[in-house]
Amino acid sequence: MSDTVNPAVIRRADYAAPAFLIDSVSLEFDLVPERTIVTNTMRLRRNPDAAAARLELMGEALEFVSAAIDGKTLPASAVRAHEHGLTIEDVPDAFTLTIESACNPGANTTLSGLYVSSGNFFTQCEAEGFRRITYFLDRPDVMTTFTVTLRADKTAYPVLLSNGNLIEQGDLPDGRHFAKWEDPFKKPSYLFALVAGKLVALEERIRTGSGKEKLLQVWVEPHDLDKTRHAMDSLINSIRWDEERFGLELDLDRFMIVAVSDFNMGAMENKGLNIFNTKYVLANQETATDTDFGNIEAVVGHEYFHNWTGNRVTCRDWFQLSLKEGLTVFRDQEFSADMQGGATDEAARAVKRIDDVRVLRQMQFAEDAGPMAHPVRPESYVEINNFYTLTVYEKGAEVVRMYQTLFGRDGFRRGMDLYFKRHDGQAVTCDDFRNAMADANGRDLAQFERWYSQAGTPRVSVRTAYDAASQRYSVTLSQGYGEAAPAARETQKGPLLIPFAIGLIDRAGRDIPLRLEGEAAANGTTRVIELTEQEQTFTFVDVKEPPLPSLLRNFSAPVIVEYDYTNDELAFLLAHDSDPFNRWEAGQRLATRELLALAARAQAGEPLTFDDSTVAAFSRVLTDETLSPAFRELALVLPSEAYLAEQMAEADPAAVHAARQFARKRLARALKNEWLAIYERHATPGAYEPTPQAAGHRALKNLALAYLAELDDPADAVRLANAQYEHANNMTDRAAALAVLLAASAAAGAGVAQGALDDFYRRFEQEPLVIDKWFALQATQRGSAGRPVIEIVRTLMAHPAFSLRNPNRARSLIFSFCAANPAQFHAADGSGYAFWAEQVVALDALNPQVAARLTRSLEMWRRYTPALRERMREALERVATQVKSRDVREIVEKALA
Ligand code: 0A1
Ligand code: ZN
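Residues numbered from 1 in each chain as written. Chains lettered and ligands numbered in written order. Predicted model: local features only at pLDDT ≥ 70, side-chain atom pairs only at ≥ 80, totals over all residues.

An unreviewed UniProt entry annotates the protein chain as Aminopeptidase N of Trinickia dabaoshanensis. The UniProt entry for the protein chain carries this comment under Catalytic activity (unreviewed entry): "Release of an N-terminal amino acid, Xaa-|-Yaa- from a peptide, amide or arylamide. Xaa is preferably Ala, but may be most amino acids including Pro (slow action). When a terminal hydrophobic residue is followed by a prolyl residue, the two may be released as an intact Xaa-Pro dipeptide." (UniProt positions renumbered as here; feature names shortened; annotations may be inferred.)

Okay, structure coming up:
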């Protein structure tokens, strides 16, 4: 449905200030699963900056009961309830509006608005869920103070929570009770939350920097209380970190985290009442892997940091989403890096950086090259929920990081301070943030705006020339977009300001002190040069021998660097670069080159061979004891199948899989003794420690085991994996052992893994998050003894523990197969696509947001080989005729356009 008030496509250029402002709102809830009554009383006033005669309130899936202005019930002729909300004609300039409405949280499978999960009530309002709770000006630039009264049966719902401070509570007749909450800070409706049910909390009291006492709570279902310690520690660390790094203190007396098992995303930063997917709260050593522990720390940090970047200063409209998300992802990345390695241990910090860049390059670069490509600040959308993307979040974080790269940590901090000084309590734009950074650092950042408005991944190609006579080394950088996707091409206006960090390395592997032409003396060994034109040459002087350039150190900008290193040069950088990120990068480039050559031979049916010198380069890293185990693990993981397929002119998942498997087997065979030695040396006997160091040992050890399982005779690996499975005192080791057994079963038959698989299920039957791992491990396996994984997945769909309604479970089986097992999903017979289409249609009827995410696994269909492409198009067209939601339709239509 679209008309002039509710157009199908929403455009940034059409922004208009709200016609009315809300000075305060008071909400009363009578919570009943099948029919919850909401009484909403607002103080409204005409916005002097806008003109409109009537009041249009947004509302969705609501039953209108009544409305009154200044206490007088409105006649039916004065109010019109419709599909998109409520229209009230002829309202005064300032008035109190009371609206009563009803909704049905028990039947709400969308998990947007008010819903029931495991018998408890929860809300999710970002981006536009509040309008499913009551009629409102549900847009982020309408900020107001909320008072919330919750009433519910006391036995079924003993705990009643909302934002801010608890100001009153008590009993009511008929076994009911109430709680009244007041949030002293103005906020937009998307930050509203309520929770009601049978929950218990881990509590801590802490003092913040200014000496104020704060109550911290992590609320969960009673049987999960033993899995809350890590989330609480992460919260305390986040609070301390934001005080230290940014001088930002917790502004409420109480801060609550609540875990819910049915949740569409990771977590939500509702003011003072963060609501989390259980996956990002619950952990102990028996149930959670090292990766889970790290993710929990990052997400707890992320949501907490939103309290300032997102809540105190919010977004004017949803096109500005990256204002809060890019900035907050950058903040959580820095927090995690500091927790790993402190502020100065660059090698430890690099482990986090490498992880983040891997995600960006594998997933965001793909998004930027496909039909959903959009700028960090999009120009238009059909469904805003489809724009919680890798571009807005991860590329947005890279854009924020570039300010810090340009101005240093101190300069970045000055920009942040000015941003809060100017905009605390306001709803603002990405331009406001950029202007604060510019003004605090005395810089004109007009050109930098293009990072927000241009889609696509920039390419920087590099040419170098050394002149021995004058001892000059010139580096010519030129920027462009290559063959950008059409969606990206339309947005391009001109060259970007690209901070390009560079170092030069001499023959002995040492950094050369850098002096640019015109400078009086050398200064440092890494320089951030600023590329602002389409092409520019930078000349280094006093360069006594032909150097090897180390380009884009620490990935100083989200671009693709094109430079023709030889294999020997890459091996040299892998062995010597002082920049740990680029050391890893050199190994990845080397491996990518080899693997793509292998894939081409696989496609042509030629025999596969793998260069000895590449094996030798990897062997040196493996045995280099000066490198941390965590780093060695990252360096020795080959680029993913998804990343490799993305680099091909026409993606061929089967060829990529064959190539990568061949290389893994080759590395397994050539380094067998080394892998065995590593496995023994990095075993971590004794008590489990969740530290980054111990996690590094586990990661390297488990990588060794995975390589050993690739040997033609995996008997050793199977024996070690069985023993490790049996004796593991933590989930990292147990899950890794199970994955290895599943991998070994590809050649040796299902029997190899069945015992451990059954044991795993029985052991953790009561732990839904672990059962998610059980489904995911099976969905991502290679297939056992020739049995296609689609058959295993279809069998698991009928398992009593499977449910399409729980997003974590749907993701663990369906998404794992469709998005994380490319070789099996892209089976030549199209069986994966048929499955995908069925599941998209089934999910669309239950939960459009989750359905839309799944839809995206086929959006890159044009990039594949002709036979696959044709089958994918058929599947997309089939889905196009069947889906109902705006969410899925936007994705399918853009994919087929
Ligand atoms: N603001 C949250 C992300 C989020 C967005 C939408 C949601 O429901 C549809 C839930 C969470 C964050 O960045 O963590
Ligand atoms: Zn966020």
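## Some thoughts on the sheet that holds strand 16 (residues 194-197)
One open sheet accounts for four strands, arranged 10-11-16-13; its pairing is antiparallel. In this open sheet, the two edge strands, each paired with only one partner strand, are strand 10 (113-117) and strand 13 (159-162). Neighbour to neighbour, the strand axes of the sheet diverge by 15° on average, direction disregarded. Pairing of strand 10 with strand 11 (residues 120-124) involves five bridges; the strand directions are antiparallel. Paired with Val 116 across the strands is Phe 121, a residue of strand 11. (Pairing = 2+ DSSP bridges. Helix = DSSP H or I, 4+ residues; strand = E, 2+ residues; numbered from the N terminus. Axes fitted to C-alpha atoms, helices over the stretch in contact; angles between N-to-C directions.)

## Re the environment of Asn 702
Tracing the backbone through its elements, the reader meets Asn 702 in helix 16 (residues 692-708). Asn 702 sits 19 residues away from Ala 683 along the chain, and the two C-alpha atoms are 9.1 Å apart.

## So, the sheet that holds strand 21 (residues 273-277)
Taken in spatial order, the five strands make up an open sheet running 17-18-19-21-20, and their pairing is mixed. Every other strand in the sheet has two partners, leaving strand 17 (200-207) and strand 20 (267-268) as the edge strands with one partner each. Judged from the eight bridges that link them, strand 17 and strand 18 (residues 213-220) form a sheet pairing that is antiparallel. Its bridge partner lying in strand 18, Val 200 is registered against Val 220.

## Notes on the site of ligand 1
Around ligand 1, a shell composed of 15 residues is seen, among which Gln 124, Glu 126, Asn 264, Met 265 and Met 268 lie nearest. For the shell around ligand 1, the secondary-structure elements that each account for two or more residues are strand 20 and helix 2 (290-305). Along the lines of polarity and charge, the residues of the shell around ligand 1 split into four nonpolar, seven polar and four charged. (Near = placed C-beta within 6 Å. Nonpolar A, V, L, I, M, F, W, Y, C, P; charged D, E, K, R; others polar.)

## Regarding helix 9 (residues 567-576)
Residues of helix 9 that are buried include every one of Leu 570, Ala 571, Leu 573 and Leu 574, and no others. End-on, the buried residues of helix 9 take up no more than an arc of 160°, which puts them together on one face. (Buried ≥ 20, exposed ≤ 12 C-beta atoms within 10 Å, placed from the backbone. Arc of directions from axis to C-beta.)

## Focus on the UniProt feature "domain: Peptidase M1 membrane alanine aminopeptidase" (unreviewed entry) in the protein chain
UniProt records the feature "domain: Peptidase M1 membrane alanine aminopeptidase" (unreviewed entry) for residues 231-451 in the present numbering. When the span residues 231-451 is considered, its composition is 56% helix and 9% strand, and the gap between its end C-alpha atoms is 35 Å.

## Structural notes on the pairing of strand 7 (residues 79-82)
As paired strands, strand 7 and strand 8 (residues 85-88) are joined by four bridges and run antiparallel to one another. Paired with His 82 across the strands is Gly 85, a residue of strand 8. Where strand 7 folds back onto strand 8 in an antiparallel hairpin, the turn is made up of two residues.

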